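# Commentary on secondary and tertiary structure
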Amino acid sequence: EEEEEAGGGEGGGMAMHDLMGMQRDESVEAVDEAFAKWVHTLRPLITNEGDEIRNLIGAMKGVSILVHMCQSCQDDDVVDDCIVVLHDLCSSPVALEELVVLGGLQVCVDILLDEERKDWVHLHMLMLLVRVVVTPDVKLSVMELGAAPAIIRLVTHSDTSIVKRALTLLVHCSTEEQNIEYFQSLGSMLIEPLLLLCENDFDSVVLGLATELLDKLVRSDSQREIFVKLNAVSALLRVLSHSLDPRPKEHAMSVLRLLCMDPTIRRGIIEKGGLA
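Here the residue numbers are simple positions, counted from 1 along each chain's written sequence. The predicted nature of this model means local features are confined to residues of pLDDT at least 70 and side-chain atom pairs, given and counted, to a pLDDT of 80 or more, with totals for whole chains, interfaces and linings taken over all residues. Just so you know, side-chain values use all the structure's heavy atoms and leave hydrogens and water out.

Attention shifts here to the overall build of the chain. Per the convention used, a helix needs a DSSP run of H or I reaching at least four residues, while a strand needs a run of E reaching at least two, with both numbered from the N terminus. Helix and strand counts for the chain stand at 18 helices and 0 strands. When a residue's accessible area, from a 1.4 Å probe over protein chains only, is under 20% of the maximum for its type it is buried; when over 50% it is exposed; and in between it is partly exposed. Here the chain holds 276 residues, and 45% of them are scored as buried. At a minimum sequence separation of 6, the contacts of the chain that also span at least 24 residues come to 69%. To be clear on the numbers: accessible area is Shrake-Rupley with a 1.4 Å probe, and residue cover counts the displayed protein chains and nothing else. As displayed, the chain offers around 14,500 Å² of accessible surface, 54% of which is attributable to carbon and sulfur atoms. Contacts are residue-level and defined by heavy atoms, with any inter-residue pair within 4.5 Å sufficient.

Centre distance within 6.5 Å is the pairing criterion for rings of Phe, Tyr and Trp, where only the six-membered ring of Trp is used; planes under 30 degrees apart are then read as stacked, over 60 as edge-to-face, and the remainder as tilted. Under the criterion given, the structure shown has 1 aromatic pair. Between tyrosine 182 and phenylalanine 183, the ring centres sit 6.1 Å apart and the planes meet at 45 degrees, which makes this aromatic pair tilted.

Each residue after the first adds 1.5 Å to the expected span of a helix. The end-to-end C-alpha distance of helix H17 (residues 246–259), which contains 14 residues, comes to 20 Å, matching closely the 20 Å that a straight helix rising 1.5 Å per residue would cover. Among all positions of H17, only Pro248, His251, Ala252, Ser254, Val255, Leu256, Leu258 and Leu259 are buried. Any pair of N or O atoms that falls within 3.5 Å is considered a polar contact. Within protein, one atom must be able to donate a hydrogen and the other to accept it, and sequence-neighbouring residues count only if both atoms are side-chain atoms. The distance from a side-chain oxygen at the start of H17 to the backbone nitrogen of arginine 247 is 2.9 Å, and the residue carrying that oxygen is aspartate 245.

When you line up the elements, histidine 68 lands in helix H4 (residues 62–72). Here the alpha-carbon distance between histidine 68 and phenylalanine 35, two residues 33 residues apart in the chain, equals 9.9 Å.

Here, a salt bridge means any side-chain nitrogen of Lys or Arg that lies within 4 Å of a carboxyl oxygen of Asp or Glu. Applying the stated criterion across every chain, the model contains 7 salt bridges. The residue lysine 216 makes a salt bridge to glutamate 212 at a minimum N-O spacing of 3.9 Å. Taken as a pair, lysine 216 and glutamate 212 lie in helix H14 (residues 204–217) at a separation of 4 residues, close to a single helical turn. The class for lysine 216 is partly exposed, based on a relative accessible area of 24%. In this structure, the salt-bridge partner of aspartate 221 is arginine 224, at a minimum N-O distance of 2.3 Å. A residue pair is termed a helical-turn pair when its members lie 3 or 4 positions apart in one helix, as aspartate 221 and arginine 224 do in helix H15 (residues 221–229) at 3 residues.

What follows covers the packing of helix H9 (residues 136–144) against helix H12 (residues 177–185). Helix-helix packing is characterised by the crossing angle of the two axes and by the distance between the axes. The convention used is that axes are lines fitted to C-alpha atoms, helices contributing only their stretch in contact, and that angles between N-to-C directions extend from 0 to 180 degrees. The N-to-C vectors of H9 and H12 enclose an angle of 25 degrees; their axes lie 9 Å apart at closest approach. Comparing their axes, H12 and H9 come out roughly parallel. In this structure, H9 crosses over H12, and the sense of that crossing is left-handed. Residue-level contacts link Lys139, Leu140, Met143 and Glu144 of H9 to Gln178, Asn179, Tyr182 and Phe183 of H12. Charged residues are taken to be Asp, Glu, Lys and Arg, nonpolar residues to be Ala, Val, Leu, Ile, Met, Phe, Trp, Tyr, Cys and Pro, and polar residues to be all remaining types, Gly included. Class assignment of the residues belonging to the contact of H9 with H12 gives a composition of 4 nonpolar, 2 polar and 2 charged. Each angle gets one of four labels, with under 35 degrees taken as roughly parallel, over 145 as roughly antiparallel, 65 to 115 as roughly perpendicular, and the rest as oblique. Left-handed describes a crossing whose near helix is turned anticlockwise from the far helix through less than a right angle; right-handed describes the clockwise counterpart.

Positive phi outside glycine occurs at asparagine 231, with the angle close to 55 degrees. Tracing the chain through its elements places asparagine 231 in the loop between H15 and helix H16 (232–242). Accessibility expressed as a relative area gives 37% for asparagine 231, which makes it partly exposed.

The next thing to look at is the environment of methionine 127. Along the chain, methionine 127 falls in helix H8 (residues 119–132). Along the primary structure methionine 127 and histidine 87 are separated by 40 residues, whereas in three dimensions their C-alpha atoms are 7.3 Å apart. If we ignore the near neighbours within four places in the chain, the residues touching methionine 127 are His87 and Arg165.

By the element assignment, histidine 124 lies in helix H8. Only 2.6 Å separates the side chain of histidine 124 from the side chain of aspartate 80, close enough to count as a polar contact. With sequence-adjacent residues up to four places away left out, histidine 124 is seen in contact with Arg43, Asp80, Ile83 and Val84.

Turning next to the side chain of histidine 122. Mapped onto the elements of the fold, histidine 122 is located in helix H8. A polar contact of 2.9 Å, which involves the side chain of histidine 122, links it to the backbone oxygen of aspartate 114. When neighbours within four sequence positions are excluded, histidine 122 is seen to be in contact with Ile111, Leu112, Asp114, Glu115, Arg117, Arg153 and Leu154.

Turning to helix H5 (residues 76–89), a few remarks are in order. In this model, H5 (14 residues) spans 20 Å end to end at C-alpha, consistent with the 20 Å of a helix rising 1.5 Å per residue. Listed as buried for H5 are Asp76, Val78, Val79, Asp80, Asp81, Cys82, Ile83, Val85, Leu86, Asp88 and Leu89.

Scored from 0 to 100, pLDDT records how confident the predictor is in each individual residue. Across the chain, pLDDT averages 84, with 82% of residues at or above 70. Confidence drops under a pLDDT of 50 for residues 1–14, and excluding neighbours within four residues, the segment shows 4 contacts in the predicted structure. Here residues 19–24 scores under 50 on pLDDT; set against residues more than four positions off or in separate chains, the count is 0 contacts.

As structure tokens, then:
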């Protein structure tokens, strides 16, 4: 009888354990909800107040909270608020270092890899990563954490703003030789979407970034073979004939010069009217 009054034996104990678990879950949910409201309030403030609010957020360990929210929250609006605030905070080297130390790069890459996220979340995440990849170690880490497939997927996006940021991120990371070797190992997975941009996109910034990457990828015999199989000559000649910007033209000419080491390709360029 005493056992029953105290909580019903084992069944009562389990019920109490479940109740405590529910209370903990509700507490965590309440804290996350409070953080979400805090971040939403911060988003316009950090833009308007500048360094003063950035320093205050830093003193409050705000980067840690924002990384936690990006990792744990499924609400795209909340995650987007966090990314935009982190982007602004990471103009500070201290905040940038804190993001890296806290494992924030993996969280960023995971969000890019999540195809269920809204387009604007991916856009702002690309903008954040472009700001973050300022040191060789970070540039290498982003690729080692598996970001390349997601970035390449976004290179083929219909939104030009997303395409530009994805290409910019790849270009920034391509300053490291180890990353170039990795990009080359991807073969047609990366080369083909870049050539498609050359064939179909009239945006000079997109063409400049795409041809810059192609110029870095064409350096070996095995890569040149892939270029030939993908009919790169036609795409590059299109850039030369249609682009008004000298930058993509220079890169396209550089790639064609390397491809022309093969006599067959030289003849193909002549047949396609490339001399004209």
